[in-house]
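Listed below, chain by chain, are the residues.
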Amino acid sequence: MYSVITISDTCAAGTATDTSGPHLTTLIKEAFATETVNYLLIADEEEIIKKSLIYACDVMKVRAVFTTGGTGFAPRDVTPEATRAVLTKEAPQLSLAMTLRSLEKTKFAVLSRAVCGVRNRTLIVNFPGSKKAVSECFESIVDVLPHLLNLLNEGEIEAVRATHRMVQKDGGEVRASSGHHVCPHATGKGGEDRNSPYPMIEAREALKMILQHTPASTEPPKRQLSRINIPPFRASIKDGYAVKANGGKGVKKVIGYISAGDGIITSNFTIDECYKINTGAPVPSYADAVVQIEDTKLVSREGDYEKLVEILSEPSPNLDIRPIGSDLRISEEVFQYRFPLEATQRALLAAIGEKPAVEKLKVAILSTGDELLHPYDIDATVEQANQEGKIYDSNTTMLVELIRKFGFTDDQCEIQQRVVKDDFDSLVEVIQSLTGEMHIIICTGGVSMGDKDFVKPALQKLDYKLVFGRVNIKPGKPCVFASNCKTQFFGLPGNPVSAFVTFHLFALPALRQYLGTINQTPSQSARCTLPIINVELLDEQYDLDPRPEYARASIVSRNGKLMASITGGQISSRLKSTIEADALLELPARTDGRPSIKAGTILKAHILRFDFISSYE
């Protein structure tokens, strides 16, 4: 793979047409017998030039980068300075060869300040900005480029020797086609694939790789033991009267009233006496039965107080009394931890006076973009945002709320959220500060192929292992997952719906596994993902995409049969399509034999929420 970068303020602004870049692209394709030439048009900004060169060399790992423009003495001509700043070795004789050839045509060739050199294993060559000069300079060095490129690749020693032999034959004429190279990372399909060195992997393979790289406890599930008896005293099960069972039926004198929360009465009483008692109240020490109100009759009252009642049924020992520890005994296992903690687990913890005994999962949510405003910035009106090319950031709010929605509450998940500028150094600084401090970083934006998409090079600079860089899905193709020994990194697309979909498919399972004790077997790892059900398509017809698609859909129950209706336009910036969504509908990729699907097609639906049926018909 090769890269061509045109550097021109006017062309980048659209006030002039770039002719040298496309011409140079054609020359490279013809000379090197390749179709994998990435073309980029940028302004005369030194930092942008440097970052574009670094991206092409370090992330795309192209064999050579050829720039055109910005090599003169005008104030904005900074291409040589930017190039020299990223080189690991200079190649001044290449520049000399180009100058000598150009001097044969014009004396003004001495005014070109073109720089040539190498960054690691990638050749970088500056050409002047005119189409004519590009042709002359390219022709002056094209014959030696195959040998130079082979030298930069340690795996091409035999090619180096072959080039030597060819140089010594027939006057040293070697055409550039002898250096033909197919990038091992390219898909070879052209079209929109040609700009990325990362192969597109299938969604299931991506999830498998994520779970393999995400830590899961190898210890047995943690057991929560009770530190108290429940109930800690003998408690009444009914509203009624506490009596001595051997006193049998008959009229009893009411000698007291006991409510829940009262202390235990330890004084003795006769078989002809009783206490009126409420549900949950402590049974007196010398009582051994509670007779419910329905089995008694009021005989007399004195003011607001009952004085005599008749017990109508024969009481038996321990009637309607909860013994001490009948629900839980001291040191009895309450439960084994599952994460996120369920409502019943939390209720039991509250019942024994305990807090969750877990190490908090630490998650950072990042959103990248110079255009982003805080959604609640009272100083930024909608009119100002529109005029200044700004938009409100919705991704961080959405991701935080989704994490909380799936049960990762404050007591078991600490969340930090930040908006980061579209700047390589800023992104590196933020990720570096969070690495080791956070278990998982979820970042939106900066993962595609734009001039300011710096996530991948930033991760490489920080020694993250890039597990994958693209996934064969719509929406969410440029999804990134990277890992190091301390922190897992999810680079989700910046479009809100793409971030929404890829969070559910990839980030959520990792969050669940991180706090869980799930072994990585197919059946158990499925517990980390959204539940999947089969549904029938309601839409009359839906045109399929070349990639497998996860469409937002609402679920209708019709006579007990679950039906799915796709929620309108599925463009990845239309966050409204998620509002009505009950599920992500898994659609197959388009084929020549199957360009669309029709009503009645059975599809898999990934359930997004608990109340996942929108209507019953």
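Cut-offs used in this document
- Sequence order as written defines the numbering, with residues in each chain counted from 1.
- In view of the model being predicted, local features appear only for residues whose pLDDT reaches at least 70, and side-chain atom pairs are presented and counted only at 80 or more, with totals across whole chains, interfaces and linings using the full set of residues.
- Only heavy atoms go into the side-chain values, all of them from the structure, while hydrogens and water stay out.
- UniProt positions are given in the numbering used here, feature names are shortened, and annotations may be inferred rather than shown by experiment.
- Disulfides are defined as pairs of cysteine sulfur atoms found within 2.5 Å of each other.
- Partly exposed describes any residue whose relative accessible area lies between the buried limit of under 20% and the exposed limit of over 50%, with all areas from a 1.4 Å probe on protein chains only and scaled to the type maximum.
- Here the nonpolar core consists of buried residues drawn from Ala, Val, Leu, Ile, Met, Phe, Trp, Tyr and Cys, with membership extended through side-chain atoms lying within 4.5 Å.
- Counting from the N terminus, the helices are DSSP H or I runs at least four residues long and the strands are E runs at least two residues long.
- Contact definition: two residues touch when any of their heavy atoms are within 4.5 Å.
- Ring pairs shown here join Phe, Tyr and Trp side chains whose ring centres sit within 6.5 Å, with only the six-membered ring taken for Trp; geometry is labelled stacked below 30 degrees between planes, edge-to-face above 60, and tilted in between.
- We call a charge positioned over a ring when the NZ of a Lys or the CZ of an Arg lies within 6 Å of the ring centre and within 35 degrees of the ring normal.
- For two strands to pair, DSSP has to find at least two bridges joining them.
- An axis is simply a line fitted to the C-alpha atoms; with a helix, the fit covers only the stretch in contact. Between two such axes, the angle follows the N-to-C directions and lies from 0 to 180 degrees.
- The cut-offs work like this: below 35 degrees is roughly parallel, past 145 is roughly antiparallel, 65 to 115 is roughly perpendicular, and the gaps in between are oblique.
- Throughout, a crossing is termed right-handed when the near helix is turned clockwise from the far one, and left-handed when it is turned anticlockwise from it by less than a right angle.
- Each residue is assigned to one of three groups, with Ala, Val, Leu, Ile, Met, Phe, Trp, Tyr, Cys and Pro labelled nonpolar, Asp, Glu, Lys and Arg labelled charged, and all others, Gly among them, labelled polar.
- Salt bridge, as used here, is a side-chain nitrogen of Lys or Arg placed within 4 Å of a carboxyl oxygen of Asp or Glu.

For the protein chain, an unreviewed UniProt entry supplies the name AGAP002800-PA-like protein and the organism Anopheles sinensis. A UniProt comment under Function (unreviewed entry) is attached to the protein chain, and it reads "Catalyzes two steps in the biosynthesis of the molybdenum cofactor. In the first step, molybdopterin is adenylated. Subsequently, molybdate is inserted into adenylated molybdopterin and AMP is released."

Novice: Describe the state of the cysteines, and please don't skip the residues or the numbers.
Specialist: Tallying each qualifying case throughout the model produces zero disulfides. In this structure cysteine 137 is a free cysteine whose sulfur lies 8.7 Å from that of cysteine 116, the closest cysteine sulfur available. Judged by its relative accessible area of 4%, cysteine 137 falls in the buried class.

Novice: Quick one: what's the story with the nonpolar core, residue by residue and with numbers?
Specialist: In this structure, Val65, Leu366, Ile431, Ile441, Leu459, Tyr464 and Phe489 are the most contacted members of the largest nonpolar core, which totals 45 residues. Top element by residues in this core is helix 3 (residues 46-59). It accounts for seven residues. For phenylalanine 489, the contacting residues outside a window of four places in its chain are Ile431, Ile441, Cys443, Val455, Leu459, Tyr464, Val480, Phe481 and Ala482. In this structure, Met209, Ile403, Leu492 and Leu511 belong to the second largest nonpolar core, which totals 44 residues.

Novice: I'd love a proper account of the packing of aromatic side chains, names of residues and values included.
Specialist: Counted under the stated rule, the structure contains twelve aromatic pairs. With a centroid separation of 5.9 Å and an interplanar angle of 10 degrees, the aromatic rings of phenylalanine 66 and phenylalanine 127 are classed as stacked. Here phenylalanine 66 is found in strand 3 (residues 64-68), whereas its partner phenylalanine 127 is found in strand 6 (residues 122-127), with 61 residues between them in sequence. Accessibility expressed as a relative area gives 0% for phenylalanine 127, which makes it buried. In textbook terms, an aromatic cluster arises when at least three aromatic residues are bridged by ring pairs, as seen for Phe468, Phe481, Phe490 and Phe506. Across the ring face of phenylalanine 73, the terminal group of arginine 113 is positioned such that the distance to the ring centre comes to 5.5 Å. Its end group placed over the ring of phenylalanine 269, lysine 244 keeps NZ or CZ at 5.1 Å from the ring centre.

Novice: Can you lay out the sheet that holds strand 13 (residues 289-292) for me, pointing to particular residues and giving the numbers?
Specialist: Taken in spatial order, the six strands line up as 13-10-12-11-15-14 in an open sheet, and their pairing is mixed. With partners counted over all chains shown, the strands left at the sheet margins are strand 13 and strand 14 (296-302), one partner each. Adjacent strand axes in the sheet meet at a mean angle of 35 degrees, parallel and antiparallel pairs treated alike.

Novice: Hey, could you go over the packing of helix 9 (residues 203-213) against helix 15 (residues 496-515) for me, with residue numbers and the actual values?
Specialist: Where helix 9 contacts helix 15, the two axes come as close as 10 Å, and the packing angle between them is 25 degrees. For the element pair helix 9 / helix 15, the angle class is roughly parallel. Crossing handedness for the pair helix 9 and helix 15: right-handed. Of the residues in helix 15, those touching helix 9 at Ala203, Ala206, Leu207, Ile210 and Leu211 are Leu505, Phe506, Pro509, Ala510 and Gln513. Classifying every residue of the contact of helix 9 with helix 15 gives nine nonpolar, one polar and no charged.

Novice: How would you summarise the side chain of glutamate 136 if you had to cite specific residues and measurements?
Specialist: On the secondary structure map, glutamate 136 appears in helix 6 (residues 131-141). Sequence-distant contacts of glutamate 136, that is, excluding residues within four places in its chain, are made with Arg101, Ser102 and Lys105.

Novice: Break down the pattern of salt bridges for me, with residues and values.
Specialist: Overall, the coordinates contain 23 salt bridges when judged by the stated rule. Among the ionic pairs, arginine 76 bridges to aspartate 9, the shortest N-O distance being 2.8 Å. Pair noted here: arginine 76 is in the loop between strand 3 and helix 4 (79-86) and aspartate 9 is in helix 1 (residues 9-13), with a separation of 67 residues, a long-range link. Across the salt bridge formed by arginine 547 and aspartate 545, the nearest N and O atoms sit 3.9 Å from each other.

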